[in-house]
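Per-entry structural report
Residues per chain, in single letters:
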Amino acid sequence: MKVIVLGAGIIGVASAWFLNKAGHDVTVIERQPGAAQETSFANGCQISVSHAEPWANPSAPLKILHWLGKEDAPLLYRFRAEWLQWRWGFEFLRQCLPARTADNIRQIVSIAEYSRQTLQALRAETGVEYDCLTKGILHFYTDEKEFQQSLPAAKLMRELGCPRQTISADEVVRIEPALAVMRSKIVGGDYTASDESGDVYKFTTGLAKKSAEAGVHFAFNTTVTRLLQEGSGANARITGVEVIDANGHHQVLRADAFVLAMGSFSMQLARPLGIDLMIYPGKGYSATYQITKDAYAPSVSLTDDGHKLVISRLGERLRVAGTCELNGYTRELNPTRCDAITRRTRALFPDACDYDHPVYWSGLRPLTPSNVPYIGKTRFGNLFLNTGHGTLGWTMGCGSGRAIAEIVSGRQPDLNFAFTGMARTKPAAIRVTRPLRA
Ligand SMILES: Cc1cc2nc3c(=O)[nH]c(=O)nc-3n(C[C@H](O)[C@H](O)[C@H](O)COP(=O)(O)OP(=O)(O)OC[C@H]3O[C@@H](n4cnc5c(N)ncnc54)[C@H](O)[C@@H]3O)c2cc1C
């Protein structure tokens, strides 16, 4: 079958890889000159199955109210005269109900666990290099109340099969000695040895290259403007995708099936077809520093709970990422937020990096209110969704690509997840029922 994948971030590229493996003739359309140039470019780089709690949880509404108007707040909701933002906000509040949060966590852990296994198998199969570290993720707390509040979440993760251990401040520093400077401020932590980190950009571009070698065609510098439809009801189908190609010419590209993987921009393409995707962009920041003194830099991937920052070692670079601003599609860098990241990183690891030459970046997380992505079918028999991966697109990416390839091929993926437009046959559980092979 001829399949067109729309978007070449981690989700589109992983989808293309697995669709090709399933025997399809695959073309990827991407407006940028290469893969992973937008949100999959410089994120926090954590594969964090054990921290799958969505932002929508029972404690979120009060925290967000408290942060309103604070320029350096970890999560900043800037009210706009925009219907989508308000609708999204109301749905977010609904997802904060305890029962919904619990179900969302189960689903995210399920796809994230499946995805990590898929990533490990892909790594072994393709040999793609991406500064991968398999030393786990260490989450440290500097506020006793926040630490105490994290205990039930850690317990729930253990119940769901994630080995997230609650540990003392001394154990935190034993696992990551570079945190010794902070020892007196740390009140405790949790550590998951099975979590990982690695450069999402290197991985995605590496996998895109392998995919191209395997026969996937990439149409870069090509902007998707519209999906063309015909028929109605059960016979509704997508007949083609209208694009502006690299030479500025309008074209219609035809295929048997289409996979929508355009991250934060998926909603605009789906809306004229009557498909209502609740995806809002959540702007996040990262800073990348050159490591100058190896011994003082962390080598375990970290989460600084107090400042809601994730920190990943990428070879000789240190990536620090976090914060979220709900303020439309702007990617403008706010100097207050950038400075706050560098100030905090310098306080944690004063002698580790060159803090005078940070590389700042921002990206738009494709956020659904629940942080559960849309993976599955639409009312159009040949249009499929793989989008809305929010805060965890790298963690869920490879598994999402594998799952959508199964669905496009007419099979049910082998995990418990509420796939869009498909019956949820079993309650969500985290176990992958068939072992993955490299
Ligand atoms: C600061 C920050 C830190 C993060 N940290 C982590 C982390 O540690 N771990 C984790 O798991 N996740 C993390 N994430 C989330 C993760 O980066 C995203 O979920 C993921 O990158 C989304 O991938 P995607 O492929 O859906 O979107 P994208 O990477 O944005 O890909 C979509 C592609 O579609 C293309 N496109 C859009 N519109 C069009 C069009 N009209 N025509 C053609 N092409 C188009 C875009 O150019 C883009 O390449 C973080 C995000 C941010 C912002």
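This text gives an overview of the structure that appears in the document.

The rules behind each value
Residues numbered from 1 in each chain as written. Predicted model: local features only at pLDDT ≥ 70, side-chain atom pairs only at ≥ 80, totals over all residues. Heavy atoms only, no water. Helix = DSSP H or I, 4+ residues; strand = E, 2+ residues; numbered from the N terminus. Buried < 20%, exposed > 50% of the residue type's maximum accessible area, 1.4 Å probe, protein only. Contact = heavy atoms within 4.5 Å. Areas by Shrake-Rupley, 256 points an atom, 1.4 Å probe, with all protein chains shown as cover. Lys, Arg positive; Asp, Glu negative; His and termini not counted. Charge placed at Lys NZ, Arg CZ, Asp CG, Glu CD. Salt bridge = Lys/Arg side-chain N within 4 Å of Asp/Glu carboxyl O. Pairing = 2+ DSSP bridges. Axes fitted to C-alpha atoms, helices over the stretch in contact; angles between N-to-C directions. Phe/Tyr/Trp six-rings, centres within 6.5 Å; stacked < 30°, edge-to-face > 60°. Near = heavy atom within 4 Å. Polar contact = N/O pair within 3.5 Å; in protein donor to acceptor, adjacent residues only side chain to side chain.

Attention now moves to the overall build of the protein chain. Along its length, the protein chain carries 10 helices and 20 strands. In terms of overall dimensions, the protein chain has a C-alpha envelope of 65 × 45 × 45 Å along the principal axes. Looking at the protein chain residue by residue over its 438 residues, the buried ones come to 58%. Put simply, of all contacts in the protein chain between residues at least 6 apart along the chain, 74% involve residues at least 24 apart. When the accessible surface of the protein chain is split by element, carbon and sulfur atoms take 53% of a total near 17600 Å². With 49 positive and 42 negative side-chain charges, the protein chain shows a spacing of 4 Å between the two charge centroids.

Moving on: unusual backbone geometry. One non-glycine residue, Cys-45, lies in the positive phi region at around 70 degrees. Along the polypeptide, Cys-45 turns up in the loop between β2 (25-29) and β3 (46-47). Of the residues examined, Cys-45 reaches a relative accessible area of 1% and is grouped as buried. You will see that Lys-308, though not glycine, has its phi angle at about 50 degrees, which is positive. Among the structural elements, Lys-308 can be located in the loop between β15 (301-304) and β16 (309-314).

Another aspect to go through is the pattern of salt bridges. With the rule as written, the count across this model stands at 24 salt bridges. The salt bridge partner of Arg-317 is Asp-199, with a shortest N-O separation of 2.9 Å. Note that Arg-317 is positioned in strand β17 (residues 317-326) and Asp-199 in the loop between β8 (196-197) and α7 (200-213), a separation of 118 residues in sequence. Residue Asp-199 is classed as buried on the basis of its relative accessible area, which comes to 2%. Look at the salt bridges and you will find they share partners, linking Asp-131, Asp-199, Lys-202 and Arg-317 into a network.

Right, let's talk about the sheet that holds strand β11 (residues 237-244) for a bit. Pairing between the strands of a sheet is mediated by backbone hydrogen bonds and can be parallel or antiparallel. What the 3 strands build is an open sheet, ordered β10-β11-β12; its pairing is antiparallel. Each end of this open sheet is capped by a strand with a single partner; those strands are β10 (223-230) and β12 (250-253). On average, each strand axis in the sheet is tilted by 25 degrees relative to the strand beside it, whichever way the strands run.

Turning our eyes to something else, we now look at the pairing of strand β14 (residues 280-290). With respect to burial, β14 is a largely interior element, 10 of its 11 residues being buried. Relative to strand β18 (residues 359-367), β14 runs antiparallel, the two being bridged by 9 bridges. The residue of β18 that forms the bridge with Pro-281 is Pro-366. The pairing of β14 with β17 spans 7 bridges and is classified as antiparallel. Paired with Gln-290 across the bridge in β17 is Arg-317.

What follows is about the packing of aromatic side chains. The geometry of an aromatic ring pair is captured by two quantities: the separation of the ring centres and the angle between the planes. This model, assessed by the stated rule, comprises 12 aromatic pairs. Their ring planes at 45 degrees and their centres at 5.2 Å tell us that Phe-203 and Trp-394 sit as a pair that is tilted. With Phe-203 in helix α7 and Trp-394 in helix α10 (residues 393-408), this residue pair connects regions lying 191 residues apart in the sequence. Summarising the burial analysis for this pair, Phe-203 and Trp-394 share the class buried. Centre to centre, the rings of Phe-265 and Tyr-329 are 5.4 Å apart; their planes meet at 45 degrees, and the pair counts as tilted. Residue Phe-265 is located in the loop between β13 (257-260) and α8 (266-270), and its partner Tyr-329 is located in the loop between β17 and α9 (335-348); the two are separated by 64 residues in the primary sequence. Of the residues examined, Phe-265 reaches a relative accessible area of 23% and is grouped as partly exposed. A connected cluster of aromatic rings, assembled from ring pairs, spans Phe-41, Tyr-201 and Trp-361.

This paragraph deals with the site of the ligand. Around the ligand there are 35 residues in total, and Glu-30, Ser-40, Gln-46, Gly-390 and Thr-395 lie nearest to it. For the ligand, an oxygen atom lies 3.2 Å from a polar atom in the backbone of Cys-45. In the model, a nitrogen atom of the ligand is placed 2.9 Å from a nitrogen or oxygen of the Val-224 main chain. In the complex, 97% of the free accessible area of the ligand, which totals 1000 Å², lies under the protein chains.

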